[in-house]
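A closer look at the structure
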Amino acid sequence: MKRGIFHSCSLLLVLILVAPVVAESPTLAELKKAQEQTREHLDKMIAATVGIHLEDSSGSGVIVSEDGYILTAAHVIMIPGDIFDVELSDGRRVKAKSLGMDHEWDAGLAKIQVDDKWPHVKMSKEKPKAGEWCLATGHPGGIFKDRKPPLRLGRILVVGDGTDPLAGLQTDATVYPGDSGGPLFNLKGEVIGIHSNIGLDVLENQHVPVEIYQKKWDDFVASKEFGEPYDPDAFEWSSLLDLIPDSIYGLYDVIASWFIDAPDYYGLAKDSAETLASVESLTTPLERSIVDVLADEKAVAVGLAVSRRGQVLTKLSVLKGELHCLVDDEPLTAKIVAKNEAHDLALLQIEDAPRLKPVTFADKAPQPGAWLVTPDIDASPLSLGIVSNAVTKVEPTSPPRGAMKVEVADADDGGVHIKRVIFGGPASKAGIRVDDTLIEFDGKKLADAEALFKQMEKTKPGQEVGVKVKRADKELDVKLQLVLFVDEDEEYSGHLSERRAGFPAVFAHDTAIIPQACGSPVLDLDGKIVGVNIARAGRVTTYAIPAEELQKIVPKLVQQAKRNERKTPQKAPAEKPMPASEQKDKQPANPVPAPMAP
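Each value, and the rule that gives it
- Residues numbered from 1 in each chain as written.
- Predicted model: local features only at pLDDT ≥ 70, side-chain atom pairs only at ≥ 80, totals over all residues.
- Heavy atoms only, no water.
- Buried < 20%, exposed > 50% of the residue type's maximum accessible area, 1.4 Å probe, protein only.
- Helix = DSSP H or I, 4+ residues; strand = E, 2+ residues; numbered from the N terminus.
- Pairing = 2+ DSSP bridges.
- Patch = residues over 30% accessible without salt bridge, like charges linked within 9 Å, V, L, I, M, F, W, Y side chains within 5 Å.
- Areas by Shrake-Rupley, 256 points an atom, 1.4 Å probe, with all protein chains shown as cover.
- Salt bridge = Lys/Arg side-chain N within 4 Å of Asp/Glu carboxyl O.
- Lys, Arg positive; Asp, Glu negative; His and termini not counted.
- Charge placed at Lys NZ, Arg CZ, Asp CG, Glu CD.
- Contact = heavy atoms within 4.5 Å.
- Core = buried A, V, L, I, M, F, W, Y, C linked by side-chain atoms within 4.5 Å.
- Expected span 1.5 Å × (residues − 1).
- Bend = angle between axes of the 7 residues up to and from the residue.
- Phe/Tyr/Trp six-rings, centres within 6.5 Å; stacked < 30°, edge-to-face > 60°.
- Lys NZ or Arg CZ within 6 Å of the ring centre and 35° of its normal.
- Axes fitted to C-alpha atoms, helices over the stretch in contact; angles between N-to-C directions.

Further remarks concern the pairing of strand S26 (residues 437-441). Among the five residues in S26, five count as buried, and that is most of the element. Here strand S25 (residues 416-421) pairs with S26 via two bridges, running antiparallel. Of the residues in S26, the one forming a bridge with Val416 is Leu438. Where S26 meets strand S28 (residues 464-471), four bridges bridge the pair, whose relative direction is antiparallel. Looking at S28, one finds that Thr437 is bridged to Lys470. Where S26 and strand S27 (residues 444-445) come together, two bridges link them in antiparallel fashion. Paired with Glu440 across the strands is Lys445, a residue of S27. In sequence, S26 turns back onto S27 through a hairpin of two residues, with Asp442 there showing a positive phi of about 55 degrees.

Given below as structure tokens:
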């Protein structure tokens, strides 16, 4: 996935200079009809979406003809005539050949090299309009064996006139590195665009209009190439952002907040107030069922009432310190009375229990393609989403490791060549420079970059290490303190949950929530609670525990709380002071003398 040059500063300028475009609020009935259209074409869309295996990377594509022509992005296949593997959603792998491409538009064509009748979809003949619903598929983060292409929901935000490669299609159907070349569909299941690049904001998802492929079809089939290939190592003005200190970013955010109230610019986004008004009737019944959970006076999660006597279900791993639940704007003391660590759930008991409205859960988890609503703590709609993948187990991730904040390559004469030093990172603070050569790390010699990567895997954030650097004819010993390693792609995901893996059963959906919204319920378009959000896992993924699991977990937590209560020694009730009028009558006949002062 190419990184777009979009950044929040350019977004600010757009907002100041462009009058907002507001879409009409859809009705709930219209949303349900759109959901049915999604389900009707879902299997065909998924079957036609393919993964593209390259030598050192991967991408996505979509088959648009029975004989195996594939639309993808030019920056995925890069060179006409290359042979690579294509993986279908049913697991089959076949050879394909790259054909023509237009690098300015980032449009590319390939063809499966095996004669057969392939699953495929049509290219739309109609130009999409701003405000229309759309669906994205692809392989975000790479191609995974047991995961079908995840589905994402969005609306068309910007439609170009087909003449400017920098102004094609923009949507809030979130895509991510690995999705490049994957399809954007309309609700008829027709391809309207191909994923090209993204910006930092989840609303900044750029796609190549399908009309470009239609106009240049014959040239692409003839393997003609237009423009210069994308060079990921070439200098981009956006790389100057690495030189801007965090303090300047913080100042910018303050200034930007004077102009921007919410990120749903143009009023067209799926989470705009106009769109969410259509599902308000589904969330309002949850008043007095949702509470804000505070740890040491900071909001850390959402709690969901499961009994009338102040028992609240929430996310366990964020509950550190003194706990309160915010009810009617009043922080009430709470304590953990039961846990389910496997699912990262806790049952809280609110002291001086307020009267809350317990929720009931649906019988089954929603299926892929089902539209979802996540409510806010005030029971107003917070966000719309769609089920991306069915219920599955998510394995734990490896423990966090340290980072130096550099980009490296093998040095010509051994060791590790420093290609880039990220401003403000440990290497920058320690005085390491571009074109230095690392020859030792933590006392061990480095033969190449791979040796450094293996050493870094053993480190921890905050660890102090010594490195030996060769600069010209000198060798320098440097100490630096490592920071948490964050994949550069995660910069495009926003804040993520600290615990976001290692769950026995969750379904994935594309709703963009903040980590502090975990613990909130997930509703279907009938208003039933079909899950509870448990982790913000990435730009395109939020995990929710399905309703049938909650049906089993919550009663066990309630029973566990009762057992723990019986085991806890009960304090004797404090004696009430005797009224003064009765004290004379109750005085002993021979009062005990007061002890003498020492």
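There is more to say, and it comes next.
This brings us to a positive patch on the surface. Where like charges cluster on the molecular surface, the positive patch consists of Arg309, Lys562, Arg563, Arg566 and Lys567. Looking at where Lys567 falls in the secondary structure, it is placed in helix H11 (residues 547-567).

This part covers the environment of Glu395. Positionally, Glu395 belongs in the loop between strand S22 (381-394) and strand S23 (402-403). C-alpha separation for the pair Glu395 and Arg500, spaced 105 residues apart in sequence, amounts to 9.9 Å. Here Glu395 is in contact with Ala501 and Gly502, once residues within four sequence places are set aside.

Take the nonpolar core next. Most often, soluble globular proteins have nonpolar side chains that are buried together. One finds Val62, Leu71, Val191, Val279, Phe361 and Tyr543 to be the most contacted residues of the largest nonpolar core, which totals 79 residues. Setting aside residues up to four positions removed in sequence, Tyr543 forms contacts with Val394, Arg500, Phe503, Val506, Phe507, Ala508, Val532, Asn533, Ile534, Ala535 and Ala537. Val416, Ile432, Val465 and Leu480 belong to the second-largest nonpolar core, a separate cluster that totals 19 residues.

Quick look at the pairing of strand S7 (residues 107-112) now. Burial of S7 is extensive: six of the six residues sit out of reach of the surface. Here S7 shows a buried face lined by Ala107, Leu109 and Lys111 and a second buried face lined by Gly108, Ala110 and Ile112. Of the strand pairs in this sheet, strand S4 (residues 69-73) and S7 are connected by five bridges, and their pairing is antiparallel. In the strand pairing of S7, Ala73 is matched with Ala107.

Turning our eyes to something else, we now look at helix H2 (residues 28-48). In a regular helix each residue adds 1.5 Å, so 21 residues correspond to 30 Å; H2 covers 30 Å between its end C-alpha atoms and thus fits that length. The sharpest bend along H2 reaches about 50 degrees and sits at His41. Turning to H2, its buried residues are Leu28, Leu31, Ala34, Gln35, Thr38, Leu42, Met45, Ile46 and Ala48.

In this section: the side chain of Thr541. Its location among the elements puts Thr541 in strand S34 (residues 541-546). With near-sequence residues (within four places) excluded, Thr541 lies in contact with Ala508, His509 and Arg536.

We now examine the pattern of salt bridges. In the structure shown here, the tally under the stated rule is 22 salt bridges. The partner of Arg39 in a salt bridge is Glu36, with the nearest N and O atoms 3.1 Å apart. Of the two residues, Arg39 and Glu36 both sit in helix H2, three residues apart, roughly one turn of that helix. Owing to a relative accessible area of 44%, Glu36 belongs among the partly exposed residues under this scheme. When salt bridges that share partners are traced, they join Asp85, Arg93 and Lys95 into one network.

Below, the discussion takes up the side chain of Glu549. The topology assignment puts Glu549 in helix H11. Apart from residues no more than four positions distant in its own chain, Glu549 is found in contact with His343 and Ala505.

This part covers the packing of aromatic side chains. For any two aromatic rings, the description comes down to two numbers: the centre-to-centre distance and the angle of the planes. Inspection of the entire model under this criterion finds four aromatic pairs. Ring centres of Tyr213 and Phe220 lie 6.2 Å apart, and the angle between their planes is 70 degrees; on these two criteria the pair is classed as edge-to-face. The residues Tyr213 and Phe220 share a single accessibility class, namely buried. Across from the ring centre of Tyr69, 5.3 Å away, lies the NZ or CZ of Lys111, which sits over that ring.

With that settled, consider the sheet that holds strand S20 (residues 345-350). Whenever strands of a sheet pair, they do so through backbone hydrogen bonds, lying parallel or antiparallel. Strands sit in the order S15-S16-S17-S20-S19-S18 around a closed barrel of six strands; the barrel is antiparallel. Strand-to-strand twist in this sheet, taken as the mean axis angle between neighbours without regard to direction, amounts to 40 degrees. Summarising the sheet, strand S16 (residues 298-305) and strand S17 (residues 311-315) pair through two bridges and their orientation is antiparallel. The partner of Ala305 across the bridge, within S17, is Val312. In the packing of H11 onto the sheet, the strands contacted are S17, strand S19 (330-340) and S20, and the crossing angle to S19 comes to about 100 degrees.

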